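# Observations on the three-dimensional arrangement
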Amino acid sequence: MTLLQIMADTDAADVKLRTTDAEVIAAELTSRGIVFDRWPALESVTAATTNEQLLADYADRLGELNADGRYKHIDIARIHPDDSNPDWSATAAGARAKFLAEHRHAEDEVRFFAAGVGCFYLHLGDEVLATVCSAGDLVSVPAGTRHWFDMGTRPEFVAVRFFEEEDGWIGDFTGETIGERFPTLDELLSDATAGR
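Residues numbered from 1 in each chain as written. Predicted model: local features only at pLDDT ≥ 70, side-chain atom pairs only at ≥ 80, totals over all residues. Heavy atoms only, no water.

### What about the pattern of salt bridges?
As a reminder, the rule being used: We count a salt bridge whenever a side-chain nitrogen from Lys or Arg sits within 4 Å of a carboxyl oxygen from Asp or Glu. We count a stretch as a helix when DSSP gives it H or I for four or more residues in a row; a strand needs E for two or more, and each element gets its number in order from the N terminus. Burial status follows relative accessibility: with a 1.4 Å probe on protein chains alone, a residue under 20% of its type maximum counts as buried, one over 50% as exposed, and anything between as partly exposed.
With the rule as written, the count across this model stands at eleven salt bridges. Asp-108 serves as the salt-bridge partner of Arg-70, at 2.7 Å between the closest nitrogen and oxygen. With Arg-70 in the loop between helix H3 (59–65) and strand E4 (73–79) and Asp-108 in the loop between strand E5 (103–104) and strand E6 (109–124), this residue pair connects regions lying 38 residues apart in the sequence. Taking relative accessible area as the criterion, Arg-70 reaches 30% and is therefore assigned partly exposed. Take Asp-108: its relative accessible area is 18%, and that puts it in the buried class. As a salt-bridge pair, Arg-70 and Glu-164 come within 2.9 Å of each other at their nearest N and O atoms. In this pair, Arg-70 sits in the loop between H3 and E4 while Glu-164 sits in the loop between strand E10 (157–163) and strand E11 (172–173), placing the two residues 94 residues apart along the sequence. Relative accessible area serves as the criterion here: at 22%, Glu-164 is assigned to the partly exposed category. Several salt bridges share partner residues, and in doing so they unite Glu-28, Arg-32 and Glu-127 into one network.

### Digging into the environment of Lys-16
Going by this rule: Any pair of N or O atoms that falls within 3.5 Å is considered a polar contact. Within protein, one atom must be able to donate a hydrogen and the other to accept it, and sequence-neighbouring residues count only if both atoms are side-chain atoms.
When you line up the elements, Lys-16 lands in strand E2 (residues 11–19). Look at Lys-16 and you get exposed, because its relative accessible area is 51%. Between the C-alpha atom of Lys-16 and that of Val-128, which follows or precedes it by 112 residues, the distance is 9.9 Å. Polar contacts involving the side chain of Lys-16 include one to the side chain of Asp-14, which spans 3.0 Å.

### Some points on helix H4 (residues 88–97)
Filter applied, for reference: Arc definition: it is the arc formed by the directions from the helix axis to the C-beta atoms.
Every buried residue of H4 is listed here: Trp-88, Ala-92 and Arg-96. Projected onto a plane normal to the axis of H4, the buried residues spread over an arc of 70° and lie on a single side.

### Considering the environment of Thr-46
Basically, it comes down to this: When checking whether two residues touch, look at their non-hydrogen atoms; a contact exists if any pair is within 4.5 Å.
As for its position among the elements, Thr-46 is in the loop between strand E3 (35–38) and helix H2 (51–57). The partly exposed category is assigned to Thr-46, whose relative accessible area is 40%. Remark: the alpha-carbon pair of Thr-46 and Pro-86, spanning 40 residues in sequence, is separated by 22 Å. Among residues more than four places away in sequence, those in contact with Thr-46 are Arg-78 and His-80.

### Structural notes on the packing of aromatic side chains
Quick note on the threshold: Here a Phe, Tyr or Trp ring, Trp counted by its six-membered ring, pairs with any other such ring whose centre lies within 6.5 Å, and the pair is stacked when the planes are under 30 degrees apart, edge-to-face when over 60, and tilted otherwise.
Summed over all chains, the structure comprises eleven aromatic pairs. The interplanar angle of 50° and the centroid separation of 4.8 Å between the aromatic rings of Phe-120 and Phe-149 together place this pair among those described as tilted. On the criterion of sequence distance, the pair formed by Phe-120 in strand E6 and Phe-149 in strand E9 (residues 146–150) is long-range, its members being 29 residues apart. Just as Phe-120 is buried, Phe-149 falls in that class too. Clustering of aromatic rings is evident, with ring pairs tying together Phe-113, Phe-120, Phe-149 and Phe-157.

### Digging into the nonpolar core
Worth spelling out the cut-off: In plain words, nonpolar cores are sets of buried Ala, Val, Leu, Ile, Met, Phe, Trp, Tyr and Cys residues tied together by side-chain atoms within 4.5 Å.
If you look at the biggest cluster of nonpolar residues, it comprises 22 residues, and the most contacted ones within it are Leu-29, Phe-113, Phe-120, Leu-122, Leu-129 and Phe-157. Broken down by secondary-structure element, the contributors of at least two residues to this core are strand E1 (3–8), helix H1 (22–30), E4, H4, E6, strand E7 (127–134), strand E8 (137–141) and E10. Looking at which element gives the most residues to this core, the answer is E6, with four residues. Every residue in contact with Leu-29, bar those within four places of it in the chain, is listed here: Leu-4, Ile-34, Phe-36, Leu-122, Leu-129 and Thr-131. Counting 15 residues, the second-largest nonpolar core is a separate cluster that includes Tyr-71, Val-110, Phe-112 and Ala-114.

### Overview of the side chain of Thr-49
You can see Thr-49 is positioned in the loop between E3 and H2. Among the polar contacts listed, one links the side chain of Thr-49 to the backbone oxygen of Ser-44, at a separation of 3.2 Å. Contacts of Thr-49, omitting those with residues within four sequence positions, involve Ser-44, Leu-54 and Arg-78.

Below you can see the structure in the form of structure tokens.
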């Protein structure tokens, strides 16, 4: 489920907007300089889908996005639950913890979610925009934007990542603990299923 919840950066309970309407989400993000787009989601994308197949399936869209050759590195980030692996929970928790703290990047952070779900929290001025992305969502967070990312306590997603430089994903952490004061991805999704 794609979802946008806009909150005051000083009070997560001060919700300015909460919507699942893709057109409203796109308009709100665009008005703040954030690129958001919806691509057709392929039902065939699963944990078994190879990276090569995924890139081939979206070759036309990827080519359009990178027509100027800006992105020299395009790869796939994926994580899927594996209850048969006793170490999976620790691995998932470690992967999640890496990006829960507020940070920024030297280049745009561009992600296309082919499957699953994840949430970018964009700290823009006096607002925090919790942007829950699901299959078919493309988001581009401009370079220098303070943000954090939550993949949830049971992460599951497949995302295409675009980089200008090989180390473009490395974050510059602000040292702020703001992310600790806002609802997690699990809480946002729980509220959504509860009709809030």
